Every structure is written in structure tokens, then in C-alpha cells.
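Listed below, chain by chain, are the residues.
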Amino acid sequence: MSAKPRILVARAIFPDALAKLEESFEVQSNQTDEVFSPDQLRNHLANVEGALVFGSERIDQNALSDAKHLKIVANISVGYNNFDVPAMTAAGVMATNTPDVLTDSTADFGFALMMAAARRITESEHWIRKGQWDKMSIVYNPLGMDLHHTTLGIIGMGRIGQGIAKRGLGFGMNVIYNNRKRLSTEDEKACGARYVDKETLLREADHVVLVVPYSAESHHLIGAKEIALMKPTATLVNIARGGIVDDAALAAALKAKTIFAAALDVYEGEPKVHPELLKLSNIVLAPHIASATEKTRRAMVDLAARNLRAALAGEKPPSLINTELWQK
Ligand code: DGY
């Protein structure tokens, strides 16, 4: 048996970060863009004490069924809907994620998508690339919607939602929010946000941004009924997870122009995108890159590696999700 603990790095990471892990661990790594099949993942997990994974790896009872030595699975992601946490806890496997380090980059991107949808930035670029910019016009050039001094509605007021609210204040926006739990008065004050119920938010907001974690409860949180409450001039941005928006219903609403525009970073069944969304011009599409700056992705890999190192050294990982394992 090897003296070094064995770990799996299930997706490609920065070469220098991988080399650092190889100094301390015997590493099985997948440095391709191919995602392991469930069988491949189960087989790899059977032979390691720790694993670094991304949202593409589903860690459930099946994946864990032969993982007799596994102590930790560290997600390189703040969202962990790819984890069946009760199954991990039952198997005695620590689950960790990467909060905080991506808050600002993700909030920046949410804001960028909102601006791009409202001001029709990608649509305008396509227009130029197609050679359609042959004259100037006051009324026919792509006319957008303002952000400044409008109402920003945020659904999901965790760290990223609060980051978006603070950016909205800089644009003179009136910020309203809905969240499972209302913020403290102090936190509401810090981001200048007023709590409202979901229906009020959808009716009043000029720009709706979704930042809620995915769960059975948030599946299709925004469907045809909810979109119908929105203003015809409103935009919808999803930087949370695919499945929170009913993409087919959104495509139908955008086609019928019952809302002005949308921007998505995440999709139901990604990397596949609903074919009806691809046909529309009043939507901005991004490939799940809200946290993808080099600095932030490095910080995420680094935090995931620190979580893994701590668990394998018998210490509490800095961002342990199933804390009950630590109390046992
Ligand atoms: C996250 O960290 O949850 C991002 O969506 C990347 O998966």
C-alpha cells in the first residue's frame, strides 16, 4: 500500500494546483473535459480516501457504494446540489463546498448579465457581425431598458444576492428581495433591500435576478404562472442553477414578448440548452461562467484542496457541510 493517501481529482484543474497535490497525495486525475460516467466515478471512488469534484459529479448512494476508504468529497463549487448529503453523511463521508471566495465575481457576473439583457448588448453585437449596421437611427437601433433608478428584485438573498443588491445601490436602484429567511434589519440596511413576497417581487421588479440554491422546493420556482406576473418591460436573470426556471416556459414567454428579455448562465440539463431558447434574440446565453475568472477559480480550487487536506489530516475542513459528522 502506498504511503501517500490516494485522492481523485475528477475534473481538470490548474496544472500547478495538481502538481502541488501530487507532492502530498497519490493522485488519480481526469485532466480531460470528459465527465466520468456513474460507473467510472464509482470505480474511482472505491480506491481513494478523498476526492475533488465539480458540479458535474453526482455523489449519491450509487457513487459511494464501493467507497470503503473515502473520507471526504470536496466540491469545487459553492452550490452542492450534486451531493446527496444524507447519503454522504450515512456513509461517513465529509462534504465540503467553496463559499465566499466566489461571491464578488459571481455577483459581478449577475449584474453583467442583467445589463447585457436590458441593454441588448449581445443582440447588438450579432446585429453588427451580420452586417446589419448600415445606418444610424434614433428609434430603430436596438432600444433597451434602463437599469438605473429602476426596481431590482432578487430572489435568494444569500451572500451573492446581497452582493448584487449592493451593486444595485450604486446604480440608484430600488432593491426588493425574497428569501426563505428574512435578513436581519442590519443586513437589510447594509444592502438597502426591502423584503417582499415572491408575487409582489415579480409584479414590481423591472429586473429579476435568481440566486437561490437548487432543491426539490426550488424546482421550477419560475414557470409560466410566475413569468405572467412580470412586467412586459422586465428582464429575468438566472445565475443560480438550471431547473429553477422552467426553460420551455421562459422560451415561450420570450417568443411572445410577454417579458422584455432574459439572461441565463445555467440551464435545465446543461450543457444542453433548450432548442427554443437558441432561436431567440431577446436572451443572453452564457455557459455557466458566473464564477469563472482565473483568480476566483484558483481560489475555489485552493479552498477545495484545503478542505481535502484538512479532512485527510484529521482536522475539521474549513467549509464542512455535514457538520454532524464532526460532532460524532
Ligand atoms: C458554483 O460554485 O456553484 C458555481 O455555479 C460553479 O459551479
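Residues numbered from 1 in each chain as written. Predicted model: local features only at pLDDT ≥ 70, side-chain atom pairs only at ≥ 80, totals over all residues. Heavy atoms only, no water.

Undergrad: Tell me what's going on with the pattern of salt bridges, and back it up with residues and numbers.
TA: Enumeration according to the criterion identifies 19 salt bridges in this entry. In this structure, the salt-bridge partner of K231 is D206, at a minimum N-O distance of 2.9 Å. With K231 in the loop between helix 10 (224-229) and strand 10 (235-238) and D206 in the loop between helix 9 (198-204) and strand 9 (207-210), this residue pair connects regions lying 25 residues apart in the sequence. Among the ionic pairs, K279 bridges to E276, the shortest N-O distance being 2.7 Å. Judged by relative accessible area, which is 61%, K279 ranks as exposed. Looking at E276, the relative accessible area reads 29%, which means it is partly exposed. Shared partners join several salt bridges into a network, and the residues in it are D16, E294 and R298. (Salt bridge = Lys/Arg side-chain N within 4 Å of Asp/Glu carboxyl O. Helix = DSSP H or I, 4+ residues; strand = E, 2+ residues; numbered from the N terminus. Buried < 20%, exposed > 50% of the residue type's maximum accessible area, 1.4 Å probe, protein only.)

Undergrad: Give a detailed account of helix 13 (residues 294-312), specifying residues and quantitative values.
TA: With 19 residues, helix 13 extends 27 Å from end C-alpha to end C-alpha; this agrees with the ideal 27 Å at 1.5 Å per step. Among the residues of helix 13, those classed as buried are T296, R297, M300, V301, L303, A304, A305, N307, L308, A310 and A311. The secondary structure elements touched by the buried residues of helix 13 are strand 1 (6-9), helix 1 (15-24), strand 3 (50-53), strand 4 (72-75), strand 5 (94-96) and helix 5 (103-118). Count one or two residues on from helix 13 and you reach G314, which has phi positive near 80°. (Expected span 1.5 Å × (residues − 1). Contact = heavy atoms within 4.5 Å.)

Undergrad: Can you lay out the sheet that holds strand 5 for me, pointing to particular residues and giving the numbers?
TA: One open sheet holds the 5 strands; their spatial order is 2-1-3-4-5, and the pairing between them is parallel. At either end of the open sheet lies a strand with only one pairing partner, and these are strand 2 (26-29) and strand 5. When the angles between neighbouring strand axes are averaged without regard to direction, this sheet yields 15°. Examined bridge by bridge, strand 4 and strand 5 share 3 bridges and lie parallel to one another. Note on strand 5: the bridge partner recorded for V73 is A95. The strands touched by helix 1 are strand 1, strand 2 and strand 3; relative to strand 2, the strand with the most contacts, the crossing angle is about 140°. (Pairing = 2+ DSSP bridges. Axes fitted to C-alpha atoms, helices over the stretch in contact; angles between N-to-C directions.)

Undergrad: Break down the packing of aromatic side chains for me, with residues and values.
TA: Taken as a whole and judged by the stated rule, the model has 2 aromatic pairs. Centre to centre, the rings of F111 and F171 are 4.8 Å apart; their planes meet at 45°, and the pair counts as tilted. Residue F111 is located in helix 5, and its partner F171 is located in the loop between helix 7 (159-170) and strand 7 (174-178); the two are separated by 60 residues in the primary sequence. Look at F171 and you get partly exposed, because its relative accessible area is 33%. (Phe/Tyr/Trp six-rings, centres within 6.5 Å; stacked < 30°, edge-to-face > 60°.)

Undergrad: Which residues make up the sheet that holds strand 8 (residues 193-195), and what values go with them?
TA: Each strand in a sheet pairs with another by means of backbone hydrogen bonds, the pair being arranged parallel or else antiparallel. Spatially, 7 strands are ordered 8-7-6-9-10-11-12 in an open sheet, and the strand pairing comes out parallel. Of all the strands in the sheet, just strand 8 and strand 12 (283-285) have a single pairing partner and so form its edges. Across the sheet, the mean angle separating the axes of adjacent strands is 20° when strand polarity is ignored. As judged from the 4 bridges shared by strand 6 (residues 151-155) and strand 9, these two strands associate in the parallel manner.

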